[in-house]
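# Coordinate inspection notes
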Amino acid sequence: MGRRYGVATRPQLELGLTMDIALGILVQARERAAFIGGPLQLVARPAARIVLRPPLVPRRLQLGTWLRRAADRGSTYRGKKRNELDAVLDRLLPALLTEMMRHVDVAELLQENVDVVALAEEVIAEIDLPEIIRDSTGAMASDTLLGVRMHSISGDDAIARAVDRLRLRLTRGTVEPGAAAPVPVPGETVVVVSPGSDPPPRTR
Amino acid sequence: MGAISPVPREGRPFQGQQAGLVTRLVANTVDALTVSVVLLALHVGINALMFLVSPRNFEFATASVLLSVTIALLAMLVYMTIAWSITGRTYGDHVMGLRVVGRHGDRVWPPTALVRAALCVGFPIGLLWCGVSTSRRSVQDVLLRTSVIYDWRPRRATR
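Residues numbered from 1 in each chain as written. Chains lettered and ligands numbered in written order. Predicted model: local features only at pLDDT ≥ 70, side-chain atom pairs only at ≥ 80, totals over all residues. Heavy atoms only, no water.

### Description of the pattern of salt bridges
Where charged atoms from two side chains of opposite charge come close, those side chains can pair. Residue and element names in this part refer to chain A. Tallying each qualifying case throughout the model produces eight salt bridges over all chains. The partner of K81 in a salt bridge is E84, and the shortest N-O contact between them spans 3.2 Å. On the criterion of helical spacing, the pair formed by K81 and E84 is a turn pair, its members being three residues apart in helix α2 (residues 63-103). The class for K81 is partly exposed, based on a relative accessible area of 37%. (Salt bridge = Lys/Arg side-chain N within 4 Å of Asp/Glu carboxyl O. Helix = DSSP H or I, 4+ residues; strand = E, 2+ residues; numbered from the N terminus. Buried < 20%, exposed > 50% of the residue type's maximum accessible area, 1.4 Å probe, protein only.)

### Section: the side chain of R149(A)
Assignment of secondary structure puts R149(A) in helix α6 (residues 139-175). Among buried Asp, Glu, Lys and Arg side chains, R149(A) stands out as unpaired, with D151(B) the closest opposite charge at 8.6 Å. If we ignore the near neighbours within four places in the chain, the residues touching R149(A) are H94(B), V95(B), M96(B), G97(B) and W152(B). (Lys, Arg positive; Asp, Glu negative; His and termini not counted. Contact = heavy atoms within 4.5 Å.)

### With respect to the interface of chain B and chain A
The interface of chain B with chain A comprises 28 residues on the first partner and 24 residues on the second. Together, the buried faces of chain B and chain A total about 2100 Å²; carbon and sulfur atoms form 64% of this surface. Viewed at the interface, chain A and chain B are joined by one salt bridge. Ionic pairing is found between R136(B) and D157(A), a salt bridge with its closest N-O pair at 3.0 Å. In this structure, the connection of chain B to chain A is made through eleven residue pairs in polar contact (both at pLDDT 80 or more). (Buried area = accessible area lost by both parts, 1.4 Å probe. Polar contact = N/O pair within 3.5 Å; in protein donor to acceptor, adjacent residues only side chain to side chain.)

### What about the pairing of strand β1 (residues 98-101) of chain B?
Taken residue by residue, a regular strand's side chains alternate between the two faces of the sheet. Residue and element names in this part refer to chain B. Neither face of β1 is open: one carries L98 and V100, the other R99 and V101, and all of them are buried. Inspection of the sheet shows β1 paired to strand β2 (residues 147-150) by four bridges, in the antiparallel sense. Each bridged residue has a counterpart across the sheet, and for V101 the counterpart in β2 is S147. (Pairing = 2+ DSSP bridges.)

### Brief notes about the packing of helix α2 (residues 65-86) of chain B against helix α4 (residues 110-122) of chain B
All names here are of chain B. At a minimum axis distance of 8 Å, the contact between α2 and α4 shows a crossing angle of 145°. Along this stretch, α2 crosses α4, giving a crossing that reads as right-handed. In contact with L73, M76, L77, M80, T81, W84 and S85 of α2, α4 contributes P110, A113, L114, R116, A117, A118, C120 and V121. Tallied by class, residues from the contact of α2 with α4 come to twelve nonpolar, two polar and one charged. (Axes fitted to C-alpha atoms, helices over the stretch in contact; angles between N-to-C directions. Left-handed = near helix turned anticlockwise from the far one by under 90°. Nonpolar A, V, L, I, M, F, W, Y, C, P; charged D, E, K, R; others polar.)

### Some remarks on unusual backbone geometry
All names here are of chain B. Backbone geometry at R136 places phi at a positive 55°, although glycine is not the residue there. Along the chain, the position of R136 falls in the loop between α5 (129-132) and α6 (139-144). A positive phi angle is found at R145, which is not glycine, with a value near 55°. Relative to the elements of secondary structure, R145 occurs in the loop between α6 and β2.

### What about the packing of aromatic side chains?
Residues and elements named next belong to chain B. Under the criterion given, the structure shown has three aromatic pairs over all chains. Ring geometry for F14 versus Y150: centroids 6.4 Å apart, planes at 75°, classification edge-to-face. One end of the pair, F14, is in the segment before α1 (21-53); the other, Y150, is in strand β2, and 136 residues separate them in sequence. Y150 carries the same exposure label as F14, and that label is buried. Taking the centre distance of 5.4 Å and the plane angle of 80° together, the rings of F51 and F58 count as edge-to-face. Among the aromatic side chains, those forming a connected cluster through ring pairs are F51, F58 and F60. The positively charged end of R107 is found above the aromatic ring belonging to W109, 4.5 Å away from the centroid. Over the aromatic face of W84 sits the side chain of R116, whose NZ or CZ is 4.7 Å from the ring centroid. (Phe/Tyr/Trp six-rings, centres within 6.5 Å; stacked < 30°, edge-to-face > 60°. Lys NZ or Arg CZ within 6 Å of the ring centre and 35° of its normal.)

This is the structure:
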C-alpha cells in the first residue's frame, strides 16, 4: 500500500498559506474598522434613527416601516421560491441521476479505480473485526478462555525461565567450580554461601 | 496486505510456538475429565437401560477397579488417536488452543497418532520432559518427532 494518510501535499500547503494571509488581512481590517467605527457609531446611530423613524411623521409613512414591509415581502418571496426550487429539484434530480446511472456502471468504475478488497481488508483490520465478533458472541466465555490461555502461557514461560536459570547455574558450576556467582534476577534475593563461611542468619 | 487473523491480539505473538508444560498439563487434565465424564455417562446410561428392560431383577452394575481403569485407558487411547489424526487436537487441546503437528508442522498420521496416544497413556510422566527440554518437547514428542504448538485458529493452516 503506497498511500500515505494525513500528509499535506504542496498545493495543500500553498492553499493553507493563502487562506492564512487572507484571514490575517481581514482581521487587521476589522480591527482598524472597529478603531475608526467606534466614534463614528456615536454619530451615525442617532442620524439613522432620525432618517428611519422621523419624529412627527405617522408610523405607517416612516421610511423604517416601508423598509420593514419590503423586507417581509422579500423574505416571503424568497421562502416561496425556495420551496418551488426544492420541489423542482426533488423531481428533477432523481430522474437525472437515474438517467446518468443508466449510462454509468458504478460497480465497474469502482472496481477499476478502487482496490475494494484491499480497502475492505484495511478497514476490517483497523476495526479488529474478530474482537467485535467475540464481543457479540459469548463475550464472557471468550474472555474467560482468553484469560486461562494467557495465564497458562505465562506459566509456561515462567517454568522455561526457571529451568534456564537453573541450567545456567549448573553450567557455570561445572565450568568454573567454586566461582559460581548466581545471576541476580530483579525482585529476587540471592544469598551466596561460600565454603567455610558462616551460615546465613536464620530468620523466623 | 496480510490476511485477517481470527486470533485475539494478545495471543498472536505466540502462535506456532512450542507449548510449555503448564498449558499441556491443563489440556491433558481437561481430556482426562472429558473421558471420565463420558464413561460415567455411559455407565449410568447402560444401568438405566438395564433398569428399563428388567426393573424387577435390576441391580446396579459395578466393575472392578482394574477393568474400569483398563476401559478408561483404552477410551483415552482411542479418543486421542482419532482426535490427533483428524484435527490434530483433542477437546483439551481445543480449549487451551494447542495442536499436535508432525515434524514439518503438518498433520500427524494415524499410525503416529496411535503410537503417541499409547505412549501418552502408558507413560504419562514423559510429558514432564517438555518442562525441562529447551525445545519444549515431551518424551513422546522426542521419540516420534512431533510437536505441540499454540494454535488458536479454529482450523489447521493450509499448506
